[in-house]
Amino acid sequence: MTTSLATTPPAGPSAVSDELGVPAAQRRSAALEKLIREHPERFRVLTGDRPTGRLHLGHYFGTLHNRVRLQDLGVEMMVLIADYQVLTDRDVADRLTGHVEDLVLDYLAVGVDPERSTVFAHSAIPALNQLLLPFLSLISVAELGRNPTVKDEIAHSRQSAVSGLMFTYPAHQAADILFCKANLVPVGQDQLPHLELTRTIARRFNNRYGDVGNPVFPEPEALLSAAPLLLGTDGTKMSKSRGNAIALAATADETARLIRGAKTDPDPHITYDPATRPEVSSLVLLAALCLDRDPHQVAGDIGGRGAGALKATVTEAVNGYLAPIRARRSQLAQDRGYIRRVLHDGNERATAIAETTLMEVRAAMKALY
Ligand code: TRP
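Keep in mind that what you see is a predicted model, and the values were worked out from it rather than measured. (Residues numbered from 1 in each chain as written. Predicted model: local features only at pLDDT ≥ 70, side-chain atom pairs only at ≥ 80, totals over all residues. Heavy atoms only, no water.)

Undergrad: Before we go on, may I ask you to explain empty space enclosed by the protein in this structure?
TA: Going through the model one piece at a time under the given rule, you end up with one cavity of 30 Å³ or more. Size it by volume and the largest cavity reaches roughly 100 Å³. Along the walls of the largest cavity sit 13 residues, with Leu231, Gly232, Thr233, Ser282 and Leu283 positioned nearest its centre. It is helix 13 (residues 278–291) that provides the largest number of residues to the lining of the largest cavity, a total of four residues. Partitioning the lining of the largest cavity into residue classes produces seven nonpolar, four polar and two charged. (1 Å grid on protein atoms, 1.4 Å probe; cavity = no way out; pocket = protein on both sides within 12 Å on 5 of 7 lines; lining within 4 Å. Points joined across faces, edges and corners; volume = space filled by probe spheres on them. Helix = DSSP H or I, 4+ residues; strand = E, 2+ residues; numbered from the N terminus. Nonpolar A, V, L, I, M, F, W, Y, C, P; charged D, E, K, R; others polar.)

Laid out in structure tokens, this is it:
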């Protein structure tokens, strides 16, 4: 992407972001970006998603695009499908296989290359999961209970009781990251507490069991990207469950219908002003991202022609941008055997890495019998 304005500027200081160490993480991320360009071979990235259904444009411009960029820069990529993390959600768990395969399809369609990136599901990697036990011994119940992201998810969950899996998932996430000794984790701000816990676990493990000067685990760093804030077509957070998201796999007609129904405002003069005109600006931004143009210029071109012209521009831009991705996706969808093979190969590669790490962990703990 060549435009600099097509992404929202990093969030300014606020009580919440300060508490999470966001400004420091942003400064460090800028330095990391430079290092990545100079020495991509020094990094192993782990990223992943919960398999909750088809990915949408919010995911695409928020993270997928960035992963493919890192992959293409030559960074080694581990792409995790966090299927254990969705077991607490009954609706998702009932259709898990389909969701996992959809996720693999979306990854491949946007350009994740299974030759260069390892796509795997954590439930298929026994040695990864075994790391959870020693890791849980290194953190307290109070530490888990303080995690702001878990607190938030518990508050918003529809479950009547919090499961042990839900409560401990940040420790499981540490296993996701440390099993392959990833040193870089591209995340959104909400995932920073989990990364902090991962670093704590790595440090405590090294201190307790490692040799001085020869740590078992690296302390992975967060790579915060200035992800654009795309709203759903109703002006609230884009999310599949709200029916306001444009799926990568949607047809051109479905896309046109969703955009036609998108919320705007009564001012027919189109401008890009996210603070005062969030709905119109999000549409302008979406077109700008797809066209790789500056959002102010996109808005300027539409000028006084109103919301109808804006929506026509957005529809054309989105459908044009997604056309090759969708074509590739539907071609790949013909061959479920290939999708399963990609996952199977990824699981094998991840298993080999996890088994090596687990042996090191057991050796460090003097638990090799
Ligand atoms: N919790 C992440 C999410 O909800 C998914 C995830 C699981 C993850 N394990 C991870 C992300 C490890 C980064 C690293 O999106």
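Undergrad: Would you take a moment to explain the packing of helix 3 (residues 57–73) against helix 15 (residues 306–333) for this structure?
TA: Packed helix pairs are characterised by how far apart their axes lie and by the angle those axes make with each other. Remark: helix 3 packs on helix 15, axes separated minimally by 13 Å, with the N-to-C direction vectors making an angle of 65 degrees. Relative to helix 15, the crossing made by helix 3 is left-handed. Residues Leu57, Tyr60, Phe61 and His65 of helix 3 pack against Val318, Tyr321, Leu322 and Ile325 of helix 15. (Axes fitted to C-alpha atoms, helices over the stretch in contact; angles between N-to-C directions. Left-handed = near helix turned anticlockwise from the far one by under 90°. Contact = heavy atoms within 4.5 Å.)

Undergrad: Any chance you could explain the pattern of salt bridges here in plain terms?
TA: Oppositely charged side chains can form a pair if their charged atoms are brought close together. Under the defined criterion, the tally for this structure stands at 23 salt bridges. Between aspartate 102 and arginine 54 there is a salt bridge whose closest N-O contact spans 3.9 Å. Here arginine 54 lies in the loop between strand 1 (44–49) and helix 3 and aspartate 102 lies in helix 5 (residues 96–110), a separation of 48 residues in the sequence. Of the residues examined, aspartate 102 reaches a relative accessible area of 13% and is grouped as buried. With a shortest N-O distance of 3.5 Å, glutamate 219 and arginine 199 are connected by a salt bridge. Residue glutamate 219 is located in the loop between helix 11 (192–209) and strand 5 (221–224), and its partner arginine 199 is located in helix 11; the two are separated by 20 residues in the primary sequence. (Salt bridge = Lys/Arg side-chain N within 4 Å of Asp/Glu carboxyl O. Buried < 20%, exposed > 50% of the residue type's maximum accessible area, 1.4 Å probe, protein only.)

Undergrad: Looking at this model, I keep getting lost on unusual backbone geometry. Mind explaining?
TA: Leave glycine aside and you will find that most residues have negative phi; peptide bonds, for their part, are mostly trans. If you check the backbone angles, lysine 181 has positive phi at about 55 degrees while not being a glycine. Secondary-structure assignment places lysine 181 in the loop between helix 10 (164–178) and strand 4 (184–187). For lysine 181, a relative accessible area of 27% puts it in the partly exposed group. With a phi angle near 55 degrees, aspartate 292 is a residue other than glycine that sits in the positive phi range. Relative to the helices and strands, aspartate 292 resides in the loop between helix 13 and helix 14 (295–302).

Undergrad: Help me understand the layout of surface pockets in this model?
TA: Gaps between atoms show up when a probe of the same size as a water molecule is rolled over them. Its volume calculated, the second largest pocket comes out at about 500 Å³. If you go around the second largest pocket, you meet 23 residues; those closest to its centre are Leu192, Pro193, Leu195, Glu196 and Leu197. Elements supplying a minimum of two residues to the lining of the second largest pocket: helix 2 (22–38), helix 8 (141–146), helix 11 and strand 5. Take the lining of the second largest pocket: its biggest share by element is eight residues, from helix 11. Here the lining of the second largest pocket is built from residues that sort into twelve nonpolar, three polar and eight charged.

Undergrad: Help me understand the site of the ligand in this model?
TA: In the vicinity of the ligand, the contacting residues are Leu46, Arg50, Leu80, Ala82, Gln85, Gln173, Asp176, Ile177, Val185 and Gln191. Separating a nitrogen atom of the ligand from a side-chain N or O atom of glutamine 85 is a distance of 3.1 Å. Note that a nitrogen atom of the ligand is positioned 2.8 Å from one of the side-chain N or O atoms of aspartate 176. Tallying contributions element by element places helix 10 first for the shell around the ligand, with three residues. Taken together, the residues of the shell around the ligand sort by class into five nonpolar, three polar and two charged. (Near = heavy atom within 4 Å. Polar contact = N/O pair within 3.5 Å; in protein donor to acceptor, adjacent residues only side chain to side chain.)

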